[in-house]
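Examining the three-dimensional arrangement
Listed below, chain by chain, are the residues.
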Amino acid sequence: MQRIGSAVLLFLLSVTTFITPLSAQNATNNRNRAENYVKKGSSALAPVYGPLAEHLVNEYALSSRIGVGIDIGGGPGDLSVELARRTTGMRWINSDINPALFTHSADKAKAAGVDGRVSFTVADATKLPFRDNYADIIVSRGSFQFWKDIDKAFSEIYRVLKPGCPAYIGRGFSENLPVNVARDVRKNQGGGPKYDKEKTAVMLAAAAKSRGFKDFRIIMPSPAGSDGVNYGVWIEFFKEGPRTVPKKSPAAVAVSSGNKKTPLYVIEPMEIRGTAPRDVIAEPSTEAAALEITKSVVTGEDIERQGAKNIVEALDYVPGAWVETRGRKVKQFFSVRGQKYPYPEYAIDGALFREFHEVPYFFSTADIDRIEVLRSSAAMLSGVSGLTGIVNIVPKTYTKPETSWDIEYGSFDTYRGRLSHGATVGKATYSLSVDTPHTNGPDGKNAAENMSNFKASLSFKPRNDLDISANIFHINGRRELRRAEDPAASKFQQTVERFDPFRTTFANLKTLYHPDDKKSTELQLFYADRNHVFQNDTSDGHTANSEHDFEWGLNLIQSYALTENNTLRGSIYYNHWMAPNGKRFFAGKKCDLHRYSATVADEHRIGRLTLDGAIRLERTYIEDYGAFGINGSAKGFGKVTPITDEWEPIMLNASMGAAWHMSPALSLFANAVVGEIKARDGSRDINGDTPSNERRIKLDLGVRTFNSRFGEASIAAFLSRQDDAIVLSGKTETYNGQIMELYLNRDQYTNGIELDTKSTRLFNVARFFLNATVMNPEMKTDDGWKENKEMPGFIGSAGVNADYQRYDLSIYLKHVSEYESTRFAADSSVPVDLGDYTTVNMTAGVRLYGRPATRIYLEIKNLTDEEFSTVVGFPDFGRTYTVGLRQTF
């Protein structure tokens, strides 16, 4: 622990020392700009914001409206505060690229008594950190002239607006500002900014036309007696849909598009930070507010920076992430907080699949927008997750045509080609991608892989109150199962196995019907088909077994606002899973199961406090199941009678929690869940029987803080009590020519603390992150309670992402403390030491000027060539290199 702490501290200090000479001037500039804006707002421009806010409130009937407004480029918050003072049901978000301004904004909001309805987020106008159809109004004064790409900013504003809602963007004064006041303001400004209003109007109109806006007008205020006073220029546009306010008369000024050339911009990657307020009507599957402290998000930018090619690689730096890599049928298992057996479940855009653990290490990150990880085991609305945590993979959507490709080559004759394309056509958005990774693996390890990933998605909005999206993924290829090394048992070292073909298809269709602010209905339909052929070559000959299985199901969630502050949600989940020829260890034994669950969740908001409660019932119907035997003896593993037409006992899970947002900078969270977990179908214990159900109690308690200048930090304490926990025994049984792992039940107890910190983009050059999970796992034995050495006591990660002009550099550290295991060991009575390693990964790139946007990059994994194993007999391959080229059109 001391070694890793020192290493991380030294690393962060070293990087800080490296970038400080490059970025000190940027930090000074940020502070100077902030102070300059504050001086303007509190002196020359101070009289402008009250009348402008009054004009907006009257123009768009905001005084009694309930909703969310966003002020882009709001700086020190003068306009946001004035708008909050004149509205009672609106929450205003001050969005600006310079976080140094937010301290002043917070002070003004507090002084005006509206600090509970004014919040802040660091954002670039060209990449707003808000979901689609989120805001009731978006305003901006004196900001658009600084935007890097006004066309892209307009697209983002249009995306974020709710249907029928307005945006009001411009510079200058409102029509209702008294002329004498306007003259004084311009005098105090030394005459005011010099720009051509007519040319600016043409530019704004051209930007609106190029985005396809049909409902817009240019406004150049000119009240009586204002000759010689520049009142500025504004554009108003509405998102398509039923108007939220009456339509105004056409603009008095005719604007032509002219023959101006539109400049091309190369947009450098930019970090966006901020959390949108919860809206469980618009997003019914959102989990309890109390669980926000346990949620991690890996963004598309994070994935590119890490050089992550698949989902498991992308998850490596999530707080408490523990990846076990082996060469068995499931190549890699991802877990958090030491949670194993069962491991976290996977969902695609909210659709939860079973038997999905065979896929994530081949699931390409191409065209993935983000990955959401719920580290707690308390998800209740995402289907039957088994209280194990959820990894939700969210595909990318496109707001404009974009095509990108990249090609890579690296160690072990590893190469990869990727091509993706997406666009918006009318009311529909589509994307297509193909990714073809290949590797030979180290010589003599039987570790070659040759895969192809295909993905297609479509989303459209046939009506203003209906959203439909669909995704389909297909993976096809060949995978060799890596051979083990000492001290693994000889049977794992000598076996020559492969999946040929390895083939899986999965798809989901999601519809969201949102007729008004009080109710919504979300329906998820999903289907998966996995058709692998497992092939085994031994001295006795060759065998091949089809491991075909498929599933389909639905998750229906209904949200209804009982009152303004109380929302009730109910869900019904159904999953039908069938393996006609059996699966894995029970090859030849048909499996046909139906799983049902029903959940009721209630959310009540009392000011800044949100209270949640949920109850879930689940039950499985066995239509036909021959995986050894559920009620009878499993001795011999083959002499059993299949179970048919039988219901399993009802499983009950319940949760309750609270989230208290004390201020924009500080939030508290608490959550508890109790319930049962059933052993995976076909599991056997050391006596050949089905393991008993596990009973669980999980607690989460945490605090999160945000500082606009430095970033965010959270600390969470968690506790897990498991009675009759289902764990691997370390023993195996050979059945039907295949090796089967046996389980056992025992009591376990784990408590721990998670620390997660992320900085803003410091000095406009770099951002840092640091997370650490410290656990105290214990288990009950015949001799009483003792330390559970099968789990690491510490998992920590740290990293820096730096950009300077055209160059980028990212460095990541990961440490996992020591633990032990007998799984796959030659002698199952003698634990083998694992873990106790620190890895360093690095990516570096350079972006070339011009179009298309081009990046050439180098990735180095395990830079220090650390020797370690996460599973007995399967050591890491050591240092590897990858070079690549990416272009985006």
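In short, a report on the structure. Bear in mind the structure is a predicted one, so any value in this text is a computation, not a measurement. (Residues numbered from 1 in each chain as written. Predicted model: local features only at pLDDT ≥ 70, side-chain atom pairs only at ≥ 80, totals over all residues. Heavy atoms only, no water.)

1. Re the overall build of the protein
Scanning the protein for helices and strands turns up ten helices and 40 strands. Relative to its 889 residues, the protein shows a buried fraction of 55%. A fraction of 67% describes how many contacts in the protein between residues 6 or more apart in sequence connect residues 24 or more apart. Surface exposure of the protein reaches about 36600 Å², of which carbon and sulfur atoms provide 55%. (Helix = DSSP H or I, 4+ residues; strand = E, 2+ residues; numbered from the N terminus. Buried < 20%, exposed > 50% of the residue type's maximum accessible area, 1.4 Å probe, protein only. Contact = heavy atoms within 4.5 Å. Areas by Shrake-Rupley, 256 points an atom, 1.4 Å probe, with all protein chains shown as cover.)

2. Focus: the pairing of strand 1 (residues 66–72)
Burial analysis of strand 1 places six of its seven residues in the buried class, the great majority of the element. Pairing of strand 1 with strand 2 (residues 89–96), which is carried by seven bridges, proceeds in the parallel orientation. Within strand 2, the residue paired with isoleucine 72 across the bridge is serine 95. Following the chain from strand 1 across helix 3 (residues 78–86) to the adjacent parallel strand 2, one finds a crossover that is right-handed. Relative to strand 4 (residues 137–141), strand 1 runs parallel, the two being bridged by three bridges. Residue pairing in the sheet places isoleucine 70 in a bridge with isoleucine 138 of strand 4. (Pairing = 2+ DSSP bridges. Right-handed = clockwise from strand over helix to strand, strands pointing away.)

3. Let's talk about the sheet that holds strand 1
In space, the seven strands of this open sheet follow the order 3-2-1-4-5-7-6, with mixed pairing throughout. Two strands in the sheet have a free side with no partner beyond their single neighbour: strand 3 (118–122) and strand 6 (216–219). On average, each strand axis in the sheet is tilted by 15° relative to the strand beside it, whichever way the strands run. (Axes fitted to C-alpha atoms, helices over the stretch in contact; angles between N-to-C directions.)

4. Quick notes on unusual backbone geometry
Omega for the bond connecting aspartate 486 with proline 487 falls within 30 degrees of zero, at 10°, which places this linkage in the cis form. Of note, proline 487 is situated in the loop between strand 19 (466–481) and helix 10 (490–494). The amide bond that connects aspartate 500 to the next residue, proline 501, takes the cis arrangement and shows omega of 5°. By the secondary structure assignment, proline 501 is in strand 20 (residues 496–516). You will see that aspartate 836, though not glycine, has its phi angle at about 55°, which is positive. On the secondary structure map, aspartate 836 appears in the loop between strand 37 (832–834) and strand 38 (837–848). Given the relative accessible area of 36%, aspartate 836 is considered partly exposed. For asparagine 862, which is not a glycine, the phi torsion comes out positive at approximately 55°. By secondary structure assignment, the location of asparagine 862 is in the loop between strand 39 (853–861) and strand 40 (880–888).

5. Considerations on the nonpolar core
In this structure, Leu315, Phe334, Tyr346, Phe363, Ile371 and Phe506 are the most contacted members of the largest nonpolar core, which totals 43 residues. For leucine 315, the residues in contact, after removing those within four places along its chain, are Ala321, Phe334, Tyr346, Ile371, Val373 and Val391. Counting 35 residues, the second-largest nonpolar core is a separate cluster that includes Ala53, Val118, Ala182 and Trp234. (Core = buried A, V, L, I, M, F, W, Y, C linked by side-chain atoms within 4.5 Å.)

6. Side note on the pattern of salt bridges
Per the counting criterion, the structure on display carries 54 salt bridges. Where glutamate 292 meets arginine 704, a salt bridge forms, and the shortest distance between an N and an O atom there is 3.4 Å. Of this pair, glutamate 292 sits in the loop between strand 7 (232–238) and strand 8 (295–299) while arginine 704 sits in strand 29 (residues 694–707), and the two are 412 residues apart along the sequence. Linking lysine 814 and aspartate 316 is a salt bridge whose minimum nitrogen-to-oxygen distance equals 3.2 Å. Residue lysine 814 is found in strand 35 (residues 807–816), and its partner aspartate 316 is found in the loop between helix 9 (311–314) and strand 9 (321–325); the two are separated by 498 residues along the sequence. Comparing lysine 814 with aspartate 316, the two get one shared label, buried. (Salt bridge = Lys/Arg side-chain N within 4 Å of Asp/Glu carboxyl O.)

These figures capture arrangement, not role.
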